[in-house]
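So you can see what is in the structure, the chains are spelled out below.
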Amino acid sequence: MKLNLTILKSKLILPIFLTGTLSFGQTFGPNVTGNTETIFQYLTGDTLIGAVQPESKAVMNSYTNVNYSLKGFSAGARFESYLPHTLGYPDRYSGTGIGYKYASYSHSMVDVTVGNFYEQFGSGMTFRSYEERTLGLDNAMEGFKVKFRPTNGAEIKAVYGKVRYSFTDGKLVNSDGVVRGIDAELNFKEFYNLFADSKFNLTIGGSFVSKYQQATHPDFYYPSNVATYGGRMKLAYKDFYIEGEHVIKEQDPSSDNGSIFSYGHGTLITAGYSQKGLGVVLQAKSMDNMSYRADPGAELTDLNINFSPALSKTHTYNLAATLYPYAAQPNGEMAFQGTLLYKIPKKTKLGGKYGTNVSVNYSLALNPMKHYSDVDSTQRILYQTNVFDVTDSVFNSDFNIQIKRKINKKLKVSLMYMKFKYNNILLDGATDKTNLDNGYVKSDIFVLEGQYKISRKHSIRAEVQGLFTKEDVGNWGTFLVEYNISPKWFFAVMDQYNYGNPVEGRRLHYLIGSAGYLFGNSRVMATYGKQRAGIFCIGGVCRTVPATNGLTLTFTSSF
Amino acid sequence: MKKNILFALTLVLVLSTVSCDKVKYPVKVVTELDTTLFTDGQFAEYPWPTFEVNTNSDRNILLEDYTGHKCPNCPAAATEAANIESANNGRVFVASIHAASGGSYTGGFQSVSADCSDPSTVFCHDFRTPEGEEYGSQFSSGYNFTFNPKGTINRAFGTDMFSKKDYWAGKVNDMLAENDLNVNIQAKSNYYAASKGVYLHISTDFLEDLSGDYSMTTYVIQNSLIADQDSVGVHLHHYHHHNVFLGCIDAQAWGQSIGGTSPTAGTNVKTDYSYVIPTGIEANEIHFLTYVYNVETYEILQVIKHEL
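Residues numbered from 1 in each chain as written. Chains lettered and ligands numbered in written order. Predicted model: local features only at pLDDT ≥ 70, side-chain atom pairs only at ≥ 80, totals over all residues. Heavy atoms only, no water.

Broken down by element type, chain B carries four helices and 12 strands. What you see for chain B is a C-alpha radius of gyration of 25 Å, clearly larger than the 19 Å of a compact globule of 308 residues, by over 25%. With the principal axes as the frame, chain B shows a C-alpha extent of 100 × 60 × 30 Å. Counting the 308 residues in chain B, one finds 48% classified as buried. Here the contacts in chain B between residues at least 6 apart in sequence split such that 71% fall between residues at least 24 apart. Counting every atom, chain B has about 14,200 Å² of accessible surface; 51% of that belongs to carbon and sulfur. With 18 positive and 35 negative side-chain charges, chain B shows a separation of 10 Å between the mean positions of the two kinds. (Helix = DSSP H or I, 4+ residues; strand = E, 2+ residues; numbered from the N terminus. Rg over C-alpha atoms; globule rule 2.2 N^0.38 Å. Buried < 20%, exposed > 50% of the residue type's maximum accessible area, 1.4 Å probe, protein only. Contact = heavy atoms within 4.5 Å. Areas by Shrake-Rupley, 256 points an atom, 1.4 Å probe, with all protein chains shown as cover. Lys, Arg positive; Asp, Glu negative; His and termini not counted. Charge placed at Lys NZ, Arg CZ, Asp CG, Glu CD.)

So, about the overall build of chain A. The helix and strand tally for chain A stands at two helices and 30 strands. For 559 residues, the compact-globule formula gives about 24 Å, and the C-alpha radius of gyration of chain A, at 25 Å, lands near that figure. Overall, the C-alpha framework of chain A stretches about 65 × 60 × 55 Å when taken along its three principal axes. Within chain A, the proportion of its 559 residues that are buried is 52%. For chain A, the proportion of contacts with a sequence separation of at least 24, taken over those separated by at least 6, is 59%. Counting every atom, chain A has about 25,100 Å² of accessible surface; 60% of that belongs to carbon and sulfur. Put simply, chain A has 58 plus and 46 minus side-chain charges, and the middle of one group is 13 Å from the middle of the other.

Residue and element names in this part refer to chain B. Across the sheet, three strands lie side by side as β5-β6-β10; this open sheet has antiparallel pairing. Two strands lie at the open edges of the sheet, namely β5 (183–192) and β10 (268–276), each paired on one side alone. Sheet twist, expressed as the average angle between the axes of neighbouring strands with direction ignored, equals 15 degrees. Pairing of strand β6 (residues 197–206) with β10 involves nine bridges; the strand directions are antiparallel. Looking across to β10, one finds that Val198 is bridged to Tyr275. (Pairing = 2+ DSSP bridges. Axes fitted to C-alpha atoms, helices over the stretch in contact; angles between N-to-C directions.)

Here we take up a nonpolar patch on the surface. Residue and element names in this part refer to chain A. Together, Val32, Val66, Tyr68, Leu70, Phe73, Phe79, Ile98, Tyr105 and Phe559 make up a nonpolar patch on the protein surface, roughly 770 Å² of accessible area in all. Only β2 (58–70), β3 (73–82) and β4 (95–106) provide two or more residues apiece to the nonpolar patch. When residues of the nonpolar patch are assigned to their parent elements, the largest contribution, three residues, is made by β2. As for its placement among the helices and strands, Leu70 is situated in strand β2. Look at Leu70 and you get partly exposed, because its relative accessible area is 31%. (Patch = residues over 30% accessible without salt bridge, like charges linked within 9 Å, V, L, I, M, F, W, Y side chains within 5 Å. Salt bridge = Lys/Arg side-chain N within 4 Å of Asp/Glu carboxyl O.)

Here the focus is the pattern of salt bridges. All names here are of chain A. Under the defined criterion, the tally for this structure stands at 33 salt bridges over all chains. One salt bridge in this structure joins Arg78 and Glu131, with 3.6 Å as the shortest N-O distance. In this pair, Arg78 sits in strand β3 while Glu131 sits in strand β8 (residues 131–132), placing the two residues 53 residues apart along the sequence. Close ionic contact of Asp252 with Lys249 constitutes a salt bridge, the shortest N to O distance being 3.2 Å. Residues joined in a network through salt bridges with shared partners are Glu37, Arg78, Glu80, Glu131, Arg133, Asp138 and Arg164.

The next point concerns the confidence of the model for chain A. In the predicted model, chain A carries a mean pLDDT of 90, and 93% of its residues have values of at least 70. Overall, residues 1–26 of chain A carries pLDDT values under 50, and its contacts beyond four positions in sequence, including any with other chains, amount to 54 contacts. (pLDDT = per-residue confidence, 0-100.)

Looking now at the packing of aromatic side chains. For the coordinates displayed, the defined rule picks out 50 aromatic pairs over all chains. Ring centres 5.1 Å apart and planes at 80 degrees place the aromatic pair B:Tyr135 and B:Trp254 in the edge-to-face group. With B:Tyr135 in helix α3 (residues 130–138) and B:Trp254 in the loop between β8 (234–248) and β9 (256–257), the pair connects residues that are 119 residues apart, well separated along the chain. The class for B:Trp254 is partly exposed, based on a relative accessible area of 22%. Three or more aromatic residues link up through ring pairs in this structure, and these residues are B:Tyr66, B:Tyr135, B:Phe139, B:Tyr143, B:Phe145, B:Phe162, B:Tyr219, B:Phe245, B:Trp254, B:Tyr291, B:Tyr293 and B:Tyr298. Cation over ring: A:Arg128 sits above A:Phe307, and NZ or CZ is 4.3 Å from the ring centre. A cation over an aromatic ring shows up here: A:Lys370 above the ring of A:Tyr383, its NZ or CZ 4.4 Å from the ring centre. (Phe/Tyr/Trp six-rings, centres within 6.5 Å; stacked < 30°, edge-to-face > 60°. Lys NZ or Arg CZ within 6 Å of the ring centre and 35° of its normal.)

The next point concerns the nonpolar core. Residue and element names in this part refer to chain B. Judged by nonpolar contacts, the single largest core of 24 residues is most densely connected at Tyr275 and Phe288. The set of elements that each furnish at least two residues to this core consists of β5, β6, β7 (214–231), β10, β11 (286–294) and β12 (300–307). For this core, the leading source of residues is β6, giving four residues. Ignoring sequence-local partners within four residues, the contact set of Tyr275 consists of Leu37, Lys196, Gly197, Val198, Val220, Ile249, Ile286 and Phe288. (Core = buried A, V, L, I, M, F, W, Y, C linked by side-chain atoms within 4.5 Å.)

Glancing now at the confidence of the model for chain B. Considering every residue of chain B, the mean pLDDT works out to 92; 93% of them sit at 70 or more. The complex prediction reports pTM at 0.75, with the ipTM value standing at 0.71.

Taken together, the 19 residues of chain B in the interface contact 32 residues of chain A. Taken together, the two surfaces of chain B and chain A that pack against each other cover about 2,200 Å², and 65% of this comes from carbon and sulfur. For the interface between chain B and chain A, the tally reads one salt bridge. Residues A:Glu250 and B:Lys22 are paired through a salt bridge, measuring 3.2 Å at the closest nitrogen-oxygen approach. Put simply, chain B and chain A have eight residue pairs in polar contact (both at pLDDT 80 or more) between them. (Buried area = accessible area lost by both parts, 1.4 Å probe. Polar contact = N/O pair within 3.5 Å; in protein donor to acceptor, adjacent residues only side chain to side chain.)

Structure, rendered in structure tokens:
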């Protein structure tokens, strides 16, 4: 799974490139940068795991960013190819062309961008435009963006444009709807140095977003203009901080909410404390009816204007990451999360020679309480919810603890335990409750990881994972071994084995092997094996991925 | 700094102008009515009427005068109908239906001159209606509808449903005396001058257990108009036609079924119509006659008049 993380990191860097080159160009004059990523798959069918060979047998997604910058000016484009698209992407993705293009100018007070851009207001509950390529999610804006800094500590952002929907026959397809938004933030530490000599800091902000589309519905009068707005504040004192944001969405009937005309609301509160060797983060979220899309009929990950922050740990170990991942519920959830990071000091009895890192995390997501006493069906107000008014109906709970310790100069070990409670009916729509515990899948996961440095260039890393549950498809085990020859080569083999499946014939192995080679700023990796069908999530946003069987070649490079 | 603040305020102002819509009545009204005739806002705001308990105890009478503007004896029948109506104010209502037995036909009493491009041409006003022709055709055999003028009294009396004007008063008086009321009808309406649209709402109460099937029909009647008329061989250029049948409100000659088969006492049925008043006619120049009749015998059980 660490291999996948490496890939992920490289993908997350892409948007950073698009903006990062700006400041680079400012300093050093004319500059051209870019990067490319190509994913080629040759797939075969496998009836046991449900993998289907596409008609073309081979599929390919390719992305290349080229950026030019000179002083405050920059421009760039992303060339995309789906020939045809890799499995899991919507079928409307096809062809080769420019899927992202921009030109921008920046100086000390104003940044102006025309074309495509990504942006976020606050926590994203009113507006977040971003790309998560591995999810097939890209809601880039196409239009106009301006950032204005009238003075130190004050920034105003305004966006105006359409949302990316698809890439069909080599052409970018945007929403019919138009999105307009403005965000302002004031940091009092920098604003006229109000708290310059204080350990206290205050940041306040507010955002307003409106979408326009003449949407129609056979039974209801949909509003053409729908607004979302909110305010936020962050207080910091020494090592402690607390921040909160509250947003409101006005009438926005949609496929997501069953065409109700209630206002939506979202509240996110985060408090944290950190000092050397200790970090604590507590979060709470209350959200109802906050799905907000450029088209009220859009589904899945399409045409999102805003974002629902996930209050659950993003797991990286194979079984925890792929079997029962939790997706944030913008239509309604109350979620709480606490994380404790502590380093047991080195040269102590408990900490050992190098110290020991302990992390404990607990998250709980619940169904919000819906009140039906004041409903007004003529107004399509079918229920009422209040902030942090919650039921005891659990969507998901996740307790996990991880201990990492460096034993000696050559050996590092990690032990992790996770306990999941996952509502398979509410979240996955499961109708067959035969293998569920009152609708839930309850599982315990153990992971043991060891990394041994054989020599200066050679190292080996291994993971043993076990997921134990009486529900769903029973127990799983994963074994992974990875061999690195620094700095050029790496090899890995992983087997995911559903050894506890109640159906003996379904006790399948998902064996996958990979090898990679790095040269300069480039890397090529080959993977061969099986991947099970399931739900793939990043940051609480998920998509269904089909089973695959075959060869995957990935090439990434930057210049 | 002032410029900066001005710029910031401009940005805020631009965005604030594109805020949001508030839908007061989100649910589209499921109706066969023409909702566009309502011009005082969204149709969800339409002021639907409420009906009080109907305390009426009288059975009214519809006198259908089947006539024609080229029919020389028809003015006398029309006069008789008007006399009966005025003698029984509020109990007898007249509909002058320009139709012949078997429907209208070229060269008949209801025919219109072939070329009316010359303003001096006579008999150019076309009184004929598809519904009138439907009645003429339906009653051409077995109901004593032999010629114009003839009339019906609540379409009663079976094979003697149609009779000459000389018998109308006697039939009316007999029926009024009998006053056999089985069905009560109320009507309310709203008129919107901007669209010339009318919403007519009917509340029907079945007072007795009845057998058979029943339907409701609403006539649109023009109070009066001046046009040509033959009167015993004399051409009258400015004859006052009264209670001219313009057609049915929903263009359905036989109306719509009401109450189901064998409606029971206490059954209440609400019926709604939308209607656009024809060009050249004002709202105060028409009225509606709504009646309930037995589908098998055609006998009208009750009729009411409603003016806007």
